[in-house]
Amino acid sequence: MNRDQPLVLGIETSCDETGIGIVRGTSLLANVIASSMDEHARYGGVVPEVAARAHLEALGPTIEAALEESGVTLDELDAVAVTSGPGLAGALMVGVGAAKALALAIERPIYAVNHLVGHVGADLLDADAPLETPTIALLVSGGHTSLLVVRDLVSDVELLGETVDDAAGEAFDKVARVLGLPYPGGPEIDRAAAGGDPKAIRFPRGLTQAKDQAAHRYDFSFSGLKTAVARWVEQREAAGEPVPIADVAASFREAVADVLVTKAVAACTDLGVPRLLLGGGVVANARLRELAQERADAAGVALRIPPLSLCTDNGAMIAALGAQLIMAGHEPSGLSFGADSTLPATEVQVS
Amino acid sequence: MLLAIDTSTGTSVAVVDHGAGVIAEAGTPDTMRHAEVVGDLIRQALAAASITPSRLSGVAGGMGPGPFTGLRVGIAAAHAFALGIRRPFVPVVSHDAVAWLWYHEGGDGPMQVVTDARRREFAVSAYDGLDDAGLPIRAVGPQLVPRDEVPERDGARVDASTVSAGGIGMVAELAFAAGRLPLTGDAPLYLRAPDVTPSAGKRVLR
Ligand SMILES: [Zn+2]
């Protein structure tokens, strides 16, 4: 196997995106994503069975599209990489089954990797200024909200904190519903917040009080915030007053961005790590990016945000992490790994 | 020569050939660990048949009916293996394999295949023997019925707790030889609309 510049195909099926990526070392050759988001819209959230059915339909065509885009053929590949977890179990299993069979068919090794660490690995693919470690990583999507310290991508990743209830992306979806906006909530809230006053309503910032600092300094909670927004809107409606949607959306978005960025920058300062990497679909939120830049600059922290196509769930980040494991001399995974819906961030590779 | 995979009950993998029959078969009745075992079973079946993937002319997959989560693992694997060797994927109704094996082992006349469909239902298919090509003649099904309402029918009732990939592969071989492909569509036989309960709030990291 070529361990200098391995050609790796990555398969990602942990949530509602079927992602196939192909990389050579740290060079991105293809990143093709088929999303089942539209099918989930009428349910207001990701439906696991719908996502799993969509993965099965999309996998073959998406692999073919990625091969086409990259211009490489299957027999040129050095290895297959696949997300083993965390994620939706039934969705992950489709990718795991396919990846094992593909690896056996082309007689190549397989690397089973961690989805969260994959998000960090996405930044390796920035040709101009690839990922530097150590770094703090804030990963925010509809499925996860996690704060990691990555000292070495393939061997030293530590989970500092995560959400204790809803993921940030879920909070956006639920508040959008409260405001009568469609799914997915992130872009809708962003749009509704335009022209709104982010200071109009002081919504609660979960787990930020002094008493939370000991046990939950780096953890997140968005369920109280969501309830506070719902109650505020209900009271307005009960009083027969109009609901200022722009102000509610802007104030809610500000509360989410504030908590995320405050905790991430605190981690940088506390641990003396001068880098912060953002990942996950919620990075599409303009206010989050803006606030992160502001606070990172003020704290003297270098902020890294990969292009959005590499922030949302994708196969290229899985391929990139697989390639790093190969380049670092790690042995392939066996064939017995499964889908682990709660795989801890510390487990970069599943043996 | 075909590789065949079925995960509609446990996990079964076989290498078959039209002339030589079932050359190798490996499997487990475990209905909970399809994703974990499917890779090792493919490797075992290929090793037992002493062949490399490039010798295969296609991959047959059992399309169910069966519990969805496990069923998909085998179909995804069969699809991906076929894509990997650049050979056709041949979908087969899993009940057809059970019926073929029953007739192949001496069964005669009408029969019914019954498998667990969970939620107090069975999946049922009815057969009227083998045709000229040696393929089971499916008269009814597969369909879902409440467990206490399996239709009355003359002949044997076969309650199958496992589906043999050897049977899947042989049905595919016979159909190919008789020019009868495709036998069924490319979509899994879910027989049930998706359960649309959105994922609950996440207590654990996802
Ligand atoms: Zn993700």
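Residues numbered from 1 in each chain as written. Chains lettered and ligands numbered in written order. Predicted model: local features only at pLDDT ≥ 70, side-chain atom pairs only at ≥ 80, totals over all residues. Heavy atoms only, no water.

A. Geometry of the overall build of chain A. For chain A, the count of helices and strands is 12 helices and 11 strands. Its C-alpha radius of gyration of 20 Å places chain A within 12% of the 20 Å reference for a compact globule of 351 residues. The principal-axis extent of the C-alpha atoms belonging to chain A is close to 70 × 45 × 35 Å. Every one of the 351 residues in chain A was classed for burial, and the buried ones make up 60%. Counting contacts in chain A only where the partners sit at least 6 residues apart, residues at least 24 apart contribute 74% of the total. Here chain A displays about 12300 Å² of accessible surface, and carbon together with sulfur accounts for 49% of that area. Both charge centroids of chain A, one from 25 positive and one from 46 negative side chains, sit 7 Å from each other. (Helix = DSSP H or I, 4+ residues; strand = E, 2+ residues; numbered from the N terminus. Rg over C-alpha atoms; globule rule 2.2 N^0.38 Å. Buried < 20%, exposed > 50% of the residue type's maximum accessible area, 1.4 Å probe, protein only. Contact = heavy atoms within 4.5 Å. Areas by Shrake-Rupley, 256 points an atom, 1.4 Å probe, with all protein chains shown as cover. Lys, Arg positive; Asp, Glu negative; His and termini not counted. Charge placed at Lys NZ, Arg CZ, Asp CG, Glu CD.)

B. Structural view of the overall build of chain B. Along chain B, the regular secondary structure elements total four helices and nine strands. Its helices and strands taken in sequence order, chain B reads β-β-β-α-β-α-β-α-β-β-β-β-α from the N to the C terminus. At 17 Å, chain B has a C-alpha radius of gyration in line with the 17 Å of a compact globule built from 206 residues. Dimensions of chain B, computed from the C-alpha atoms along their principal axes, are close to 55 × 45 × 25 Å. Each of the 206 residues in chain B was classed as buried or not, and the buried ones make up 55%. Expressed as a percentage of contacts within chain B between residues at least 6 apart in sequence, the contacts between residues at least 24 apart total 65%. Here chain B displays about 8500 Å² of accessible surface, and carbon together with sulfur accounts for 51% of that area.

C. Quick peek at the coordination of the zinc ion. Residues and elements named next belong to chain A. At the metal site, the zinc ion is ligated by His115 (NE2), His119 (NE2), His144 (NE2) and Asp313 (OD), and these contacts range over 2.1 to 2.2 Å. The site at the zinc ion holds four donor atoms, and with the angles between them running 89 to 160°, its shape is irregular. Counting residues between consecutive donors of the zinc ion along the chain gives the motif H-x3-H-x24-H-x168-D. Taken as a pair, His144 in the loop between β6 (135–140) and β7 (145–152) and Asp313 in the loop between α11 (308–311) and α12 (315–327) lie far apart in primary sequence, 169 residues in all. Neither residue differs from the other here; His144 and Asp313 are each classed as buried. (Donors = N, O, S within 2.8 Å, 3.2 Å for Na, K, Ca; no water. Tetrahedral: all angles 85-135°; square planar, octahedral: opposite > 155°, others 65-115°.)

D. Quick look at the side chain of Glu254 of chain A. Mapping Glu254 of chain A onto the fold places it in helix α9 (residues 245–271). With sequence-adjacent residues up to four places away left out, Glu254 of chain A is seen in contact with Pro198, Arg205, Arg287 and Leu291 of chain A.

E. Broad picture of the side chain of Glu12 of chain A. All names here are of chain A. Structurally, Glu12 is set in strand β1 (residues 7–12). The exposure class assigned to Glu12 is buried, which follows from its relative accessible area of 0%. At 2.6 Å, the side chain of Glu12 forms a polar contact with the side chain of Ser14. Excluding its chain neighbours within four sequence positions, the residues that come into contact with Glu12 are Glu17, Thr18, Gly19, Thr83, His115, Asp313, Asn314, Gly315, Met317 and Ile318. (Polar contact = N/O pair within 3.5 Å; in protein donor to acceptor, adjacent residues only side chain to side chain.)

F. Main features of the interface of chain A and chain B. Counting from both sides, the interface comprises 48 residues of chain A and, opposite them, 40 residues of chain B. Counting each side, the surface lost to burial between chain A and chain B is near 3600 Å², with a carbon and sulfur contribution of 64%. When the area that chain A buries against chain B is broken down by residue, the three leading residues are Arg53, Leu56 and Leu104 of chain A, summing to 18%. Between Arg86 of chain B and Glu64 of chain A there is a salt bridge; the shortest N-O distance is 2.6 Å. Summed over the shared surface of chain A and chain B, the number is six residue pairs in polar contact (both at pLDDT 80 or more). Those elements giving two or more residues to the side of chain A that touches chain B turn out to be α2 (48–70), α3 (89–105) and β8 (156–162) of chain A. Along the lines of polarity and charge, the residues of the side of chain A that touches chain B split into 27 nonpolar, 12 polar and nine charged. (Buried area = accessible area lost by both parts, 1.4 Å probe. Salt bridge = Lys/Arg side-chain N within 4 Å of Asp/Glu carboxyl O. Nonpolar A, V, L, I, M, F, W, Y, C, P; charged D, E, K, R; others polar.)

G. Geometry of the UniProt feature "binding site: Fe cation" (unreviewed entry) in chain A. All names here are of chain A. Listed under "binding site: Fe cation" (unreviewed entry) in the UniProt record, and renumbered for this structure, are His115, His119 and Asp313. In summary, the annotated positions, though distributed over 199 residues, converge in three dimensions, the widest C-alpha pair being only 8.6 Å. Residue placement: His115 occurs in helix α4 (residues 115–121). Here His115 is in contact with Glu12, Ser14, Thr83, Gly85, Pro86, His144, Asp313, Met317 and Ile318, once residues within four sequence places are set aside. Reaching out from His115, the side chain makes a polar contact with the side chain of Glu12 at a distance of 2.9 Å. Discounting residues that sit within four places of it in the chain, His119 has contacts with Leu139, His144, Gly280, Cys311, Thr312, Asp313 and Met317. (UniProt positions renumbered as here; feature names shortened; annotations may be inferred.)

H. Structural context of unusual backbone geometry. All names here are of chain B. Omega for the bond connecting Gly64 with Pro65 falls within 30 degrees of zero, at 10°, which places this linkage in the cis form. For Pro65, the location among the structural elements is in the loop between β4 (58–62) and α2 (68–85). Across the junction of Gly141 and Pro142, the peptide omega takes the value 0°, indicating a cis bond. Its place among the elements puts Pro142 in strand β8 (residues 136–146).

I. Expanded view of the sheet that holds strand β6 (residues 111–116) of chain B. All names here are of chain B. Pairing within the open sheet is mixed, and its four strands lie in the order β8-β7-β6-β9. Since the sheet does not close on itself, it has two edges, and those belong to β8 and β9 (156–159), each with one partner. If you compare each strand with its neighbour and ignore which way they point, the axes differ by 20° on average. Where β6 lies against β9, four bridges are found, and the strand directions are parallel. Looking at β9, one finds that Val114 is bridged to Asp159. (Pairing = 2+ DSSP bridges. Axes fitted to C-alpha atoms, helices over the stretch in contact; angles between N-to-C directions.)

J. Representation of the packing of helix α1 (residues 34–48) of chain B against α2 of chain B. Residues and elements named next belong to chain B. Interhelical geometry of α1 versus α2 gives an angle of 40° and a closest axis separation of 10 Å. Judged on the interaxial angle alone, α2 and α1 are oblique. Viewed along their axes, α1 and α2 form a crossing whose handedness is right-handed. Of the residues in α2, those in contact with His34, Ala35, Val38, Ile42 and Leu46 of α1 are Gly70, Val73, Ala77 and Phe81. Here the residues of the contact of α1 with α2 are counted per class, giving seven nonpolar, two polar and no charged. (Parallel < 35°, antiparallel > 145°, perpendicular 65-115°, else oblique. Left-handed = near helix turned anticlockwise from the far one by under 90°.)

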